[in-house]
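Residue-level listing of the chains:
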Amino acid sequence: MSWKDDFDPELIQKVAEVDQEIAPRLAAIDDQILENQAKVLKAFRDNHVASSDLAGSTGYGQNDEGRDKLEAIYAQVLGGEDALVRPQFVSGTHAIGVGLLGLVRPGDEILYITGEPYDTLQEVLGMAGNAIGSPKEYGIKADYVPLPDSGDVDLEAVKARLNQDHPKVVAIQRSCGYATRDSFTIAKIAEMIKAVRSVMPDVWIFVDNAYGEFSETREPLDVGADIMAGSLFKNGGGGMLKTGGYIVGRKDLVERVSYRFTVPGLGGAEGATFGVLDEMLQGFFQAPSVTGNAIKGAIFEAALLAKMGLTVNPAWDAPRTDLIQTVNFGNPDDMIRFTKAIQHNSPIDSFVTPIPEATAGYEDKVIMADGSFVDGSTIEFSADGPLRPPYTLYMQGGLTYAHAKLGIIGAVQDVFYNKN
Ligand SMILES: *Cc1c(COP(=O)(O)O)cnc(C)c1O
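These numbers come from a predicted model, not from an experiment.

Engineer: So what's going on with the packing of aromatic side chains? Which residues, and what values?
Structural biologist: For the coordinates displayed, the defined rule picks out nine aromatic pairs. With 5.4 Å between their ring centres and 50 degrees between their planes, Phe214 and Phe284 make a pair best called tilted. With a gap of 70 residues between them, Phe214 in the loop between β5 (204-208) and β6 (227-231) and Phe284 in helix α8 (residues 277-307) connect regions that are remote in the sequence. Residue Phe214 is classed as buried on the basis of its relative accessible area, which comes to 2%. Exposure remark for Phe284: the relative accessible area of 1% places this residue in the buried category. One cation-aromatic arrangement involves Lys234 over Tyr118; the distance from NZ or CZ to the ring centre is 5.7 Å.

Engineer: Explain the pairing of strand β11 (residues 382-386) to me, and be specific about the residues and the numbers.
Structural biologist: With respect to burial, β11 is a largely interior element, five of its five residues being buried. Relative to β11, strand β10 (residues 366-369) is paired through four bridges, and the arrangement is antiparallel. Among the inter-strand pairings, Val366 is bridged to a residue of β11, identified as Pro386. Linkage of β11 to strand β12 (residues 392-396), two consecutive antiparallel strands, is achieved through a turn of five residues, within which Tyr391 is found at a positive phi near 55 degrees.

Engineer: Could you give me a rundown of the site of the ligand, with the residues and numbers involved?
Structural biologist: Neighbouring the ligand are the residues Ser91, Gly92, Thr93, Ile96, Tyr118, Leu121, Gln173, Asp208, Ala210, Tyr211, Ser231 and Lys234. In this structure, Gly92 approaches the ligand through a main-chain N or O atom, which is 2.7 Å from an oxygen atom. Within the side chain of Thr93, a nitrogen or oxygen atom sits 2.6 Å from an oxygen atom of the ligand. Relative to its unbound accessible area of 380 Å², the ligand is 91% covered by the protein chains. Tallied by class, residues from the shell around the ligand come to five nonpolar, five polar and two charged.

Engineer: Got a sec to walk through the packing of helix α1 (residues 9-46) against α8? Specific residues and values, please.
Structural biologist: In helix packing, the relevant descriptors are the interaxial angle and the interaxial distance, both defined with respect to the helix axes. One way to put it is that α1 packs onto α8 with a least axis distance of 8 Å and a crossing angle of 160 degrees. Classified by the interaxial angle, the pair formed by α1 and α8 is roughly antiparallel. As α1 runs across α8, the sense of the crossing is right-handed.

Engineer: I'd like a rundown of the environment of Thr243, residues and numbers included.
Structural biologist: Along the chain, Thr243 falls in the loop between β6 and β7 (245-249). The spacing of Thr243 and Val276 is 33 residues in sequence and 9.2 Å in space, taken between C-alpha atoms. Once you skip the residues sitting within four places of it in the chain, Thr243 turns out to touch Pro87, Phe89, Val90, Leu232 and Phe233.

Engineer: Any chance you could break down the sheet that holds β6 for me, citing the residues and the numbers?
Structural biologist: To summarise the sheet geometry, strands pair through backbone hydrogen bonds and adopt either a parallel or an antiparallel arrangement. With respect to topology, seven strands assemble into an open sheet ordered β1-β7-β6-β5-β4-β2-β3, the strand pairing being mixed. The strands lining the two open edges of the sheet, one partner per strand, are β1 (82-86) and β3 (141-144). Geometrically, the sheet is characterised by an average inter-axis angle of 15 degrees between neighbouring strands, direction not taken into account. Where strand β2 (residues 109-112) meets β3, four bridges bridge the pair, whose relative direction is parallel. Across the sheet, the residue bridging to Tyr112 is Tyr144, located in β3. Running at roughly 175 degrees to β2, helix α5 (residues 155-165) makes contact with β2, β3 and β4 (169-173) of the sheet.

Engineer: Got a sec to walk through α1? Specific residues and values, please.
Structural biologist: Its 38 residues give α1 an end-to-end C-alpha distance of 51 Å, which sits within 8% of 56 Å, the value for a rise of 1.5 Å per residue. Between the side-chain oxygen of the N-cap and the backbone nitrogen of Glu10 there are 2.9 Å, and the N-cap of α1 in question is Asp8. With its phi angle positive at about 50 degrees, His48 sits one or two positions after the end of α1.

Engineer: Could you give an account of the nonpolar core, naming the residues involved and the relevant values?
Structural biologist: If you look at the biggest cluster of nonpolar residues, it comprises 79 residues, and the most contacted ones within it are Leu100 and Phe338. Examining the composition of this core, we find that nine residues originate from one element, α8, more than from any other. In this structure Leu100 touches Ile110, Tyr112, Leu121, Leu125, Val169, Ala171 and Phe206, once residues within four positions along its chain are discounted. Core analysis: the second largest hydrophobic core is formed by 44 residues, Ile73, Leu162, Ile193 and Val207 among them.

Engineer: Summarise unusual backbone geometry; cite the residues concerned and give the values.
Structural biologist: Going from Asn313 to Pro314, the amide bond is cis rather than trans, its omega being -5 degrees. Within the element layout of this structure, Pro314 appears in the loop between β8 (311-313) and β9 (325-328). Residue Pro390 is bonded to the preceding Pro389 through a cis peptide linkage, with omega at 5 degrees. Counting through the fold element by element, Pro390 comes out in the loop between β11 and β12. In this structure, His166 takes a positive phi of about 45 degrees despite not being glycine.

Conventions we followed
Once a new chain begins, its residue numbering starts again from 1 and follows that chain's sequence as written. Where local features are concerned, this predicted model is filtered to residues with pLDDT of at least 70; where side-chain atom pairs are given and counted, the filter is 80 or more; whole-chain, interface and lining totals use all residues. Side-chain numbers here rest on the full set of heavy atoms in the structure, without hydrogens or water. Note on ring pairs: Phe, Tyr and Trp rings are taken, using the six-membered ring of Trp, and paired if centres are within 6.5 Å. Classes follow the plane angle, with under 30 degrees stacked, over 60 edge-to-face and the rest tilted. Secondary structure elements are defined from DSSP: runs of H or I of at least 4 residues count as helices, runs of E of at least 2 residues count as strands, and each element is numbered from the N terminus. Accessibility here uses a 1.4 Å probe with only protein chains present; expressed as a share of the type maximum, an area under 20% marks a residue as buried, one over 50% as exposed, and anything in between as partly exposed. Definition used: whenever NZ (Lys) or CZ (Arg) falls within 6 Å of the ring centre and also within 35 degrees of the ring normal, the charge is taken to sit over that ring. Whether two strands pair depends on DSSP finding at least two bridges between them. Near, as used in this document, describes a residue that has one of its heavy atoms within 4 Å of the molecule or strand being considered. Residues adjacent in sequence count toward polar contacts only when both atoms are side-chain atoms; beyond that, a polar contact is any pair of N or O atoms within 3.5 Å, and within protein one must be able to donate a hydrogen and the other to accept it. Only the protein chains shown count as cover for residues, and the accessible areas themselves come from Shrake-Rupley with a 1.4 Å probe. Nonpolar residues are Ala, Val, Leu, Ile, Met, Phe, Trp, Tyr, Cys and Pro. Charged residues are Asp, Glu, Lys and Arg, and all others, Gly as well, are polar. Axis lines are fitted to C-alpha atoms, over the contacting stretch for helices. Their N-to-C directions set the angle, which ranges from 0 to 180 degrees. Angles are sorted into four bins: roughly parallel if under 35 degrees, roughly antiparallel if over 145, roughly perpendicular if 65 to 115, and oblique for all others. The hand of a helix crossing depends on one turn: near helix anticlockwise from the far one by less than a right angle means left-handed, and clockwise means right-handed. Contacts between residues were defined by any pair of non-hydrogen atoms, one from each residue, lying within 4.5 Å. Between the first and last residue of a helix there are one fewer steps than residues, each counted as 1.5 Å, and that sum is the expected span. Note on terminology: a nonpolar core comprises buried Ala, Val, Leu, Ile, Met, Phe, Trp, Tyr and Cys residues joined through side-chain atoms within 4.5 Å.

Next up, the structure:
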């Protein structure tokens, strides 16, 4: 008996071809894991993390040495001076929202230069929906420079807007979100930052780094961004965290946003880490490897699905800067069928059938395969997308390469070989 016995021999043959094709790419990702793991190990050693630091604090959480070390490690590894890494952030959207809104005051503007922000952030910024307490109520402007059809940032248009608007904060979204564009590599982000600084040398540059951590060997702060934020149930949590988010960057800016995270006067000084500090430390320690394996899974997905005739982005041999692998179906039926198959090949709730549903923070109905240990965790093998043309499914994650690989082979078997 072998796992291969469960699948069509023709599919197994295709898998063997893919394995051979992508082997050099997977080896390159292994090298990247090593680079990132070395950075993380060094930060743990430099900060003298002790077994007594794993316990976490209760109540006010003042003088939480373990938390201080965790935040120093995040800052060191991700290229900042200080960080807020807290279970009290309910999600990445919360951390990013706090990071953006904490920087501005009435009369200021936040300008995204990477096109429309991620769906949930549009509500946070008052660009969509009618959220109570949005920055509009405070006289804060939030806008974006549209992306041209190429999907690349139009740097000349950005410079013109900066000269006209003089925003307080320039925001960059690294990962594609639910947009049909490529994610922006660190090299691309470096170009954007250079262009922005040529017009406004001191403007605060914020990066939505969701899905980005450890998917390259440099981070946005390493190429001149001032502050960035993301989720802990994506890459940074290493698949271990049940909640949380982080903000990392320049010391003065992290302090400024800390008063929006809690309240003026308090900032980051309080905030208990109860029973989660050990997981936060261990999760970050494992994050380079978990992220790397998820990317290896995405490369396998890209190669196999392209072989099945589907349009994928990025291609298996293209550079990557996040976990996202998109597949275009062109119609809702195939998209839904494939998502169901992903769910059926997950460890949790494999017997459940996902259906398109309205989701808080999203304008269109969303379908999601989420057979994960942590609810909604997308560092785990998952797929989702809004039901709107061109019916693109966004796949990501996989706690192990072996699961991502088995899961995708199972989904391809269901959709292409078990049609009836
Ligand atoms: C996932 C994501 C977010 C928000 O993170 P959540 O934890 O889901 O709230 C923000 N921006 C981008 C680009 C994302 O992919």
